[in-house]
Amino acid sequence: MRTLATAALLAGTIAAPVLAADQPNIIFIMSDDHAAHAIGAYGSRINQTPNIDRLAREGMLLRNVFATNSICTPSRAAILTGQYSHLNGVPVFNRFDSSRMTVARLLQQGGYYTGMIGKWHLGSDPAGFDRWEILPGQGSYKDPLVYTATGEHTYTGQYVTDVITDLAIDFLKTRPRNKPFFLMLHHKAPHRPWEPDATHRAQFENRWIPEPETFWDSYATRTDALRENQQRVVDDMTRRDLKLTPPDGLQGPELTQWLGVKPTTVTVTRDGQSITLTGEALGRWKYQRYMRDYLATIQSVDDNVGRVLTFLDRNGLARNTIVVYTSDQGFFLGDHGLFDKRFMYEESLRMPFLVRWPAAIARATTSTAMALNVDFAPTFLDAAGVAIPPDMQGRSLLPILRGRTPGDWRTSMYYRYYHDPGDHNTRAHYGVRTQTHKLICYWKKDQWELFDLVADPQEMHNLYNQPGQEKITASLKAELVRQKNVVRDDDQFANEQPPNGVDGPVARLRGK
């Protein structure tokens, strides 16, 4: 098996195709906002994911995979380009320049038949794909509209996770047999507003979901950024999030306004009696409502992952097909009282990453090596025998997947989030995470957080400016500066970010 093309990829040139009989097929399955701690193989206490877990049993589970910017569009751009946000030009929800070199273009030029099915959320048309069928913007859970290069189709009466899988399996059935394939299969679920289909909703309807230990976090010792955020389960979930029934006859702008309200009281029926919930009781009810819907959408994803694996088995494709399951970032499941992502805290930063490749990866293996979403593109190119461009900032995970972590592998990582105030009023910040500590700087507020991840894995105690922390603080600040320089972050987007280019009417401009 070749791992790299022998000729180096010169700047501005295209690598010659490396066609080898043993080039693996690649299926990259990515959900949206699926927290690692809602996957059985990662020790979930709240749900079971037998089909996703199968990838861990039959391949490798990576425990320390992190997003470099924990938000949908930037993470997708980082995965495609192998570059951090400040170099690929997508720090927020701005339109991706489809003329940029991507892993899809390079694999296509290397002889692969390429496909993109599902949630794209990058504004511009996909490029480098022989076939693409995408949701406009965020897409819809029910009756999803799907765009192609030449038209569009609404799948009336169907559920988005099923539709995306149907289209993916059709891609596999109709592919040319004389080429390896690369398929990006991107699910909308479990993104907000967490709308499950009836079958999966019923599975969780009466289930009690345990609250995380940090659900009632007081935020003591943390910075103002955490207290100012507006992504709290108790305070910031809307009537739309909670699926409350609007008054009869309400429609148009009035209905939108009603659904956008964050209720401080909710009336429910228990044992035939109406009860009005407020305060702590309401907060606990909101958590249960949120998690039941969220987990039900994940169950649909898990079932559909099973459909894809079954297709590979039945068609003799499993052995030499790399199957990855991941999410575009982590997500808060009531941790620190939060939903959504964005913060550099562990639940948001950490991405699930399970990979099966029977021809090359040993069964039931794990790795604690530190990996990043910018590593995904180099990994696929390396596995395919296609040269990795020198401007990709990630590093191939292939040695790790084969059980041989290089001695010079990274022991720290750099993170930066730009969207301030943005959605949920989450403050801009950057930081560094090592194997034992994390330092976060909210640069617009000149406030810092320091966590000992060994003694305080839940990040409850900010040690910044505490006696005895001077040496580790100085060391982490030096590492933060070093990392920032290494990845060539010159504060390109620190003070001004590009406009939204991926949602609403701007996402409907086909052909540009």
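Residues numbered from 1 in each chain as written. Predicted model: local features only at pLDDT ≥ 70, side-chain atom pairs only at ≥ 80, totals over all residues. Heavy atoms only, no water.

Q: Teacher, can you tell me more about the overall build of the chain here?
A: The helix and strand tally for the chain stands at 14 helices and 17 strands. Dimensions of the chain along its principal axes, counting C-alpha atoms only, are 70 × 60 × 45 Å. A buried classification covers 60% of the 512 residues belonging to the chain. Looking at the chain as shown, the accessible area adds up to about 20,000 Å², and 49% of this sits on carbon and sulfur atoms. Averaging the coordinates of the 58 positive side-chain charges in the chain and doing the same for the 56 negative ones gives two points 4 Å apart. (Helix = DSSP H or I, 4+ residues; strand = E, 2+ residues; numbered from the N terminus. Buried < 20%, exposed > 50% of the residue type's maximum accessible area, 1.4 Å probe, protein only. Areas by Shrake-Rupley, 256 points an atom, 1.4 Å probe, with all protein chains shown as cover. Lys, Arg positive; Asp, Glu negative; His and termini not counted. Charge placed at Lys NZ, Arg CZ, Asp CG, Glu CD.)

Q: Honestly, the packing of aromatic side chains in this entry has me stumped. Any pointers?
A: The geometry of an aromatic ring pair is captured by the separation of the ring centres together with the interplanar angle, meaning the angle of the planes. Under the definition given, this model contains 23 aromatic pairs. Ring geometry for Tyr 418 against Phe 493: centres 6.2 Å apart, planes inclined by 90 degrees, an arrangement best described as edge-to-face. Of the two residues, Tyr 418 sits in the loop between β14 (412-417) and β15 (429-434) while Phe 493 sits in the segment after α14 (470-486), which places them 75 residues apart along the sequence. Grouping residues by exposure puts Tyr 418 and Phe 493 together as buried. Joined through ring pairs, the aromatic side chains of Tyr 84, Tyr 414, Tyr 418, Tyr 430, Trp 443 and Phe 493 make up one cluster. In this structure, Arg 207 is placed above the aromatic ring of Phe 204, and the distance from its NZ or CZ to the ring centre is 4.2 Å. Across from the ring centre of Trp 448, 4.4 Å away, lies the NZ or CZ of Lys 477, which sits over that ring. (Phe/Tyr/Trp six-rings, centres within 6.5 Å; stacked < 30°, edge-to-face > 60°. Lys NZ or Arg CZ within 6 Å of the ring centre and 35° of its normal.)

Q: What is the right way to read the packing of helix α5 (residues 160-174) against helix α10 (residues 279-314) from this model?
A: Think of two packed helices as two axes; the pair is described by the angle between the axes and how far apart they sit. At a minimum axis separation of 10 Å, α5 and α10 run at an interaxial angle of 15 degrees. The angle between the axes of α5 and α10 places the two elements in the roughly parallel class. Every pair of crossing elements has a handedness; the one defined by α5 and α10 is right-handed. Seen from α5, the contacting residues are Thr 161, Asp 162, Thr 165, Asp 166, Ile 169, Leu 172 and Lys 173; seen from α10, they are Ser 300, Val 301, Asn 304, Arg 307, Val 308, Phe 311 and Leu 312. Residues of the contact of α5 with α10, tallied by class, amount to six nonpolar, four polar and four charged. (Axes fitted to C-alpha atoms, helices over the stretch in contact; angles between N-to-C directions. Parallel < 35°, antiparallel > 145°, perpendicular 65-115°, else oblique. Left-handed = near helix turned anticlockwise from the far one by under 90°. Contact = heavy atoms within 4.5 Å. Nonpolar A, V, L, I, M, F, W, Y, C, P; charged D, E, K, R; others polar.)

Q: How should unusual backbone geometry be read in this particular structure?
A: The general pattern is negative phi for most residues beyond glycine and trans for most peptide bonds. In this chain, Ala 189 is followed by Pro 190 through a cis amide linkage whose omega measures 0 degrees. In this structure, the amide linkage connecting Asp 420 to the following residue, Pro 421, adopts the cis form with an omega of 5 degrees. The residue Pro 421 is located in the loop between β14 and β15 in this model. At His 121, a position not held by glycine, the phi torsion is positive, near 55 degrees. Within the fold, His 121 resides in the loop between β3 (113-119) and β4 (131-135).

Q: Help me understand the environment of Asp 125 in this model?
A: Within the fold, Asp 125 resides in the loop between β3 and β4. Among the residues examined, Asp 125 registers a relative accessible area of 15% and is labelled buried. In sequence terms Asp 125 and Arg 177 are 52 residues apart; their C-alpha atoms lie 26 Å from each other.

Q: Can you walk me through the pattern of salt bridges in this structure?
A: A pair can form between side chains of opposite charge whenever their charged atoms are brought close. If you walk through the whole model with that rule in mind, you get 36 salt bridges. A network of salt bridges, in which partner residues are shared, links Asp 33, Asp 340, Lys 341, Arg 342 and Asp 423. (Salt bridge = Lys/Arg side-chain N within 4 Å of Asp/Glu carboxyl O.)

Q: Can you help me understand helix α1 (residues 50-57) in this one?
A: The periodicity of an α-helix, 3.6 residues per turn, causes residues three or four places apart in sequence to face the same way. Among the residues making up α1, those that are buried are Ile 52, Asp 53, Arg 54, Leu 55 and Ala 56. Where the residues of α1 are buried, they touch β2 (60-66), α10, β10 (321-327), β12 (353-356) and β13 (365-372).

Q: Honestly, helix α12 (residues 376-384) in this entry has me stumped. Any pointers?
A: Most of α12 is tucked away, with nine of its nine residues classed as buried. Of all the positions in α12, only Phe 376, Ala 377, Pro 378, Thr 379, Phe 380, Leu 381, Asp 382, Ala 383 and Ala 384 are classed as buried.

Q: What's the story with the packing of α1 against α10 in this structure? I'm lost.
A: Where α1 contacts α10, the axes come no closer than 7 Å and their chain directions differ by 50 degrees. With respect to α10, the element α1 is oriented oblique. Across the interface between the two elements, Pro 50, Asn 51, Ile 52, Arg 54 and Leu 55 of α1 pack against Gln 299, Asp 302, Asp 303, Val 305, Gly 306, Leu 309 and Asp 313 of α10. When its residues are assigned to classes, the contact of α1 with α10 shows five nonpolar, three polar and four charged.

Q: What is the right way to read the pairing of strand β7 (residues 181-186) from this model?
A: Residues in a regular strand project their side chains so that they alternate between the two faces of the sheet. Buried residues dominate β7, accounting for six of its six residues. As judged from the five bridges shared by strand β1 (residues 25-31) and β7, these two strands associate in the parallel manner. From the neighbouring strand, Ile 26 faces β7, where its bridge partner is Phe 182. Of the strand pairs in this sheet, β3 and β7 are connected by six bridges, and their pairing is parallel. Across the sheet, Ile 117 pairs through a bridge with Leu 185, a residue of β7. (Pairing = 2+ DSSP bridges.)

Q: For this particular structure, what's the right way to read the pairing of β14?
A: Counting buried positions along β14 yields six of six residues, so the element is predominantly enclosed. Side chains Ser 412, Tyr 414 and Arg 416 project from β14 onto one buried face, and the interleaved Met 413, Tyr 415 and Tyr 417 project onto a second face that is buried too. Bridge count for β14 against β15 is six bridges, and the pairing is antiparallel. Each bridged residue has a counterpart across the sheet, and for Ser 412 the counterpart in β15 is Thr 434.

Q: Which parts of the structure should I look at to understand the sheet that holds strand β16 (residues 437-442)?
A: Strand pairing in a sheet takes place through backbone hydrogen bonds and is either antiparallel or parallel in direction. In space, the four strands of this open sheet follow the order β14-β15-β16-β17, with antiparallel pairing throughout. This sheet does not close on itself; its edge strands, each paired only once, are β14 and β17 (447-452). Going across the sheet, the axis of each strand differs from the next one's by a mean of 10 degrees, ignoring polarity. The strands touched by α14 within the sheet are β14, β15, β16 and β17, with β14 carrying the most contacts at an inclination of about 75 degrees.

Q: Would you mind showing me how to read the side chain of Glu 346 here?
A: Mapped onto the secondary structure, Glu 346 falls in helix α11 (residues 346-349). A distance of 2.5 Å separates polar atoms of two side chains, one belonging to Glu 346 and the other to Arg 350. Sequence-distant contacts of Glu 346, defined by excluding residues within four places in its chain, comprise Phe 66, Arg 433, Lys 438, Leu 453, Pro 457 and Glu 459. (Polar contact = N/O pair within 3.5 Å; in protein donor to acceptor, adjacent residues only side chain to side chain.)

Q: So what exactly am I meant to see when it comes to the confidence of the model for the chain here?
A: Low-confidence regions, as indicated by low pLDDT, have predicted coordinates that should not be scrutinised in detail. Confidence in the prediction of the chain, expressed as mean pLDDT, is 94, and 94% of residues score 70 or more. Residue range residues 1-19 is modelled with pLDDT below 50. Its contacts to residues more than four positions away, or to other chains, number 42 contacts. (pLDDT = per-residue confidence, 0-100.)

Q: Explanation requested: the environment of Ser 367 in the structure shown.
A: Structurally, Ser 367 is set in strand β13. For the pair Ser 367 and Leu 401, spaced 34 residues apart in sequence, the C-alpha to C-alpha distance is 8.1 Å. Polar side-chain contacts of Ser 367 include one of 3.1 Å to the backbone nitrogen of Ala 369.

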